Structure formats: structure tokens, C-alpha cells
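# Close look at the chain arrangement
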Amino acid sequence: AQTVTQSQPEMSVQEAETVTLSCTYDTSESNYYLFWYKQPPSRQMILVIRQEAYKQQNATENRFSVNFQKAAKSFSLKISDSQLGDTAMYFCAFMKRVASGTYKYIFGTGTRLKVLA
Amino acid sequence: KAGVTQTPRYLIKTRGQQVTLSCSPISGHRSVSWYQQTPGQGLQFLFEYFSETQRNKGNFPGRFSGRQFSNSRSEMNVSTLELGDSALYLCASSYRGDNYGYTFGSGTRLTVV
């Protein structure tokens, strides 16, 4: 069975600095997708970044980038120039196809990030 | 473009009662998934509906059920509520349950007393 582990329950970072959130996963699949979602106090989960496992190039979205190490099954999120609005719970998620036309998500337990002024 | 709308936002129910939660997906999205989020268990998958058919189901008891209407709106129902059902229930929609990621609603916070 697939598992997703986020080993940092809480982190803090000073505004404008860089922080890295860790995520490891366990799977025997070769084709899958990885995501980082952000959940601010408003509760809505927001997609931050997506990575396709068959692509070696690390995904980037503005200040957000990932370090995807497929062999090590590691998928960390780097937030550059941290802003107060980045304060949220961050979830790492693994997705694979389970049957024709459907996918299965497995979420990590989350890392609570606080950006300090 | 309107986002995923979940109603109600908050709900308080008594043990033994039943509850119905509603989710309206983004216009054009045909897949709706439901998740239960608790501090102890994190996000747990309940079920997914596509074109009015349940095509994936998580490991929850039969007290949890759902349905999807022809306009893609979805409801989930929990019967005979237990204290442990207190949670944030999140709905997520996508065009067809594909791998581009979901759009989530803000959830319904259910408290069972």
C-alpha cells in the first residue's frame, strides 16, 4: 500500500526567507503524480504544485518549487521569499490510477507552516 | 468562474441523528470526491462520483453514503451519527477525475454532540 510521510508537523520561517517542507512516499508504482496542497485558515485546499513522476524536471510555480528525487521517493517543497499569506497547513499528496478512468489520492498528515513578520 | 460550493459551512447535530451535506462543483466538472478531515486521521477518502455513478469508495461504514445528480451536484449523507463523525468534510471536483489535481471547497464543519 502507498504511504505518504511528512515528518515535520510544524515549521516557522521569517518573512522573505526560504523554507523547505519534506515529504517522502512509498510505492511500487512507476507512473504516478505528486502534489502539494495548501490549506489556509479559510479551510479551502488550494493546489500549489504538481509533478509527474515520469518527468525528471522539477516543477516550479513562481515562488514554489519542488525537489523530486524519484529513486529516493522524496518530494520536498521549497518556498522562496516567504510571505505572510503563505501561513497555512501544507499537504503532500500521491496520486495513481487505480482503474480505468479513476485515480486515488493519498495525503500526508500535513505540515503547519507559520511565516513570521 | 464560481468555485466549489459546500453547504452548510457549519453544522451541529446530536448523536443518532442523520445529516446531509451538499456540494456544487465547478461548472463543467463531472467528478466529485468527498474527504473527511480530522486532526488524528488527516484526510481520508470517502467516495467519488462521476456522471451520477459512484466509481470509487473508501473504507468507511455503510452509514456514509452519497449520490450525484444530473447537474453534477453531489450530496453525502451520514446516518446514525456518532461522536467520532465530528470532522471537516471536504468536497473536491475535477473535470473527469483526472490527474491534474482537484479544486476543493471550503468544507462543512460537522460537530456531533
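Our subject is the structure that appears above.
Overview of the structure. These figures come from a predicted structure and were not determined experimentally.

### Let's talk about the sheet that holds strand β7 (residues 64–68) of chain B
All names here are of chain B.
- Spatial ordering of the open sheet is given by β1-β3-β8-β7, a layout of four strands whose pairing is antiparallel. Each edge of the open sheet is held by one strand with a lone partner, namely β1 (5–7) and β7. Sheet twist, expressed as the mean angle between neighbouring strand axes with direction ignored, is 15°.

### Quick notes on the interface of chain B and chain A
- Listed as interface residues are 23 residues of chain B and, on the opposing side, 18 residues of chain A.
- Of the roughly 1,800 Å² buried between chain B and chain A on both sides combined, carbon and sulfur atoms contribute 48%.
- If you sort the residues of chain B by the area they bury against chain A, Leu 43, Asn 99 and Phe 104 of chain B come out on top, with a joint share of 33%.
- For the pair chain B and chain A, the interface holds zero salt bridges.
- The interface formed by chain B and chain A includes seven residue pairs in polar contact (both at pLDDT 80 or more).
- The residue makeup of the side of chain B that touches chain A, split by class, is eight nonpolar, nine polar and six charged.

### Focus: the state of the cysteines
- According to the stated counting rule, one finds two disulfides over all chains in the structure shown.
- Bridging Cys 23 of chain A to Cys 92 of chain A, the disulfide has an S-S length of 2.0 Å. When the S-S torsion is -70°, as for the bridge of Cys 23 of chain A with Cys 92 of chain A, the disulfide is left-handed. Within this pair, whereas Cys 23 of chain A is found in the loop between β3 (19–21) and β4 (24–26), its partner Cys 92 of chain A is found in strand β10 (residues 88–99), the two being separated by 69 residues in sequence.
- A relative accessible area of 1% means that Cys 23 of chain A is categorised as buried.
- Cys 23 of chain B shares a disulfide with Cys 91 of chain B; S-S distance 1.8 Å. Every disulfide takes its handedness from the sign of the S-S torsion; for Cys 23 of chain B and Cys 91 of chain B that torsion is -55°, giving left-handed. With Cys 23 of chain B in strand β3 (residues 19–24) and Cys 91 of chain B in strand β9 (residues 87–94), this residue pair connects regions lying 68 residues apart in the sequence. For the pair Cys 23 of chain B and Cys 91 of chain B, a shared accessibility class is recorded, and that class is buried.

Cut-offs and rules
- Residues numbered from 1 in each chain as written.
- Chains lettered and ligands numbered in written order.
- Predicted model: local features only at pLDDT ≥ 70, side-chain atom pairs only at ≥ 80, totals over all residues.
- Heavy atoms only, no water.
- Pairing = 2+ DSSP bridges.
- Helix = DSSP H or I, 4+ residues; strand = E, 2+ residues; numbered from the N terminus.
- Axes fitted to C-alpha atoms, helices over the stretch in contact; angles between N-to-C directions.
- Contact = heavy atoms within 4.5 Å.
- Buried area = accessible area lost by both parts, 1.4 Å probe.
- Salt bridge = Lys/Arg side-chain N within 4 Å of Asp/Glu carboxyl O.
- Polar contact = N/O pair within 3.5 Å; in protein donor to acceptor, adjacent residues only side chain to side chain.
- Nonpolar A, V, L, I, M, F, W, Y, C, P; charged D, E, K, R; others polar.
- Disulfide = S-S within 2.5 Å.
- Buried < 20%, exposed > 50% of the residue type's maximum accessible area, 1.4 Å probe, protein only.

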